Amino acid sequence: MTAPSDARPRGTRLPRMARRRQLLAAAQEVFVAHGYHAAAMDEIAERAGVSKPVLYQHFPGKLELYLALLEQHSEALVEKQREALESTDDNRQRVTASFQAYFDFVAGEGEAFRLVFESDLRNVAAVREKTEQTLQRCAELISGVIRQDTSISDEEAHLLSIGLVGMAETSARYWLSNYGGIPQEAAEQLIARLAWRGISGWDLTRG
């Protein structure tokens, strides 16, 4: 069988962590292109330029490989959100930075966001728990700022943060699916302005 034209050539032995990164990169391409169920370990190994035994040395099965990718990109999204909220003390700029984090994640190279937001494995408990945990962690970061800078209750702050996270995810994904209509920065500013018009209606301790 002829190898795909975009398969990596088999090369020299790599350190374990470098090999793991290579395998994850190849797996991401296959999962994004075909979805989990249609992805084949044979193709992942071929893209990475390794034998299947080498692939199985690092990941005992396809699910473990998928979960490793999901963990990697979920952590990346949470960290983007954390950095955005810590980048300024100005609340309006925080809102903009928070939405920018989601747009940057969705627009990122390799379409990793599809593993987090569009997984065809939501019926698998480990995947569902990780995606829900990612949503909750991002929301908790935002609700912490809301609680700090308003007089509303913890439950109200959490509900607002869930709404903001949902708005960020939905608008960023929709923007990407219609890519080219509105420049990314303009789209971020548009949605952030909508969010700020709402959240600034509460008494803020800081502007």
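Residues numbered from 1 in each chain as written. Predicted model: local features only at pLDDT ≥ 70, side-chain atom pairs only at ≥ 80, totals over all residues. Heavy atoms only, no water.

K.L.:
Before we go on, may I ask you to explain the overall build of the chain in this structure?
P.N.:
For the chain, the count of helices and strands is nine helices and zero strands. The helix and strand sequence of the chain, counted from the amino end, reads α-α-α-α-α-α-α-α-α. Projecting the C-alpha coordinates of the chain onto the three principal axes gives extents of approximately 65 × 35 × 30 Å. By residue count, 42% of the 207 residues in the chain fall in the buried class. Counting only carbon and sulfur atoms, one obtains 51% of the accessible surface of the chain, whose full area is about 11200 Å². (Helix = DSSP H or I, 4+ residues; strand = E, 2+ residues; numbered from the N terminus. Buried < 20%, exposed > 50% of the residue type's maximum accessible area, 1.4 Å probe, protein only. Areas by Shrake-Rupley, 256 points an atom, 1.4 Å probe, with all protein chains shown as cover.)

K.L.:
What am I meant to see in the pattern of salt bridges here?
P.N.:
Where side chains of opposite charge bring their charged atoms close, a pairing between them can arise. Applying the stated criterion across every chain yields a total of 13 salt bridges. E71 serves as the salt-bridge partner of K130, at 2.7 Å between the closest nitrogen and oxygen. Of the two residues, K130 sits in helix α7 (residues 125-149) while E71 sits in helix α4 (residues 62-86), which places them 59 residues apart along the sequence. Residue classification places E71 among the partly exposed positions, given a relative accessible area of 34%. One salt bridge connects E140 with R147, and the closest N-O pair in it is separated by 3.1 Å. What makes R147 partly exposed here is its relative accessible area of 28%. Salt bridges sharing common partners tie together E111, R114, E118, E169 and R173. (Salt bridge = Lys/Arg side-chain N within 4 Å of Asp/Glu carboxyl O.)

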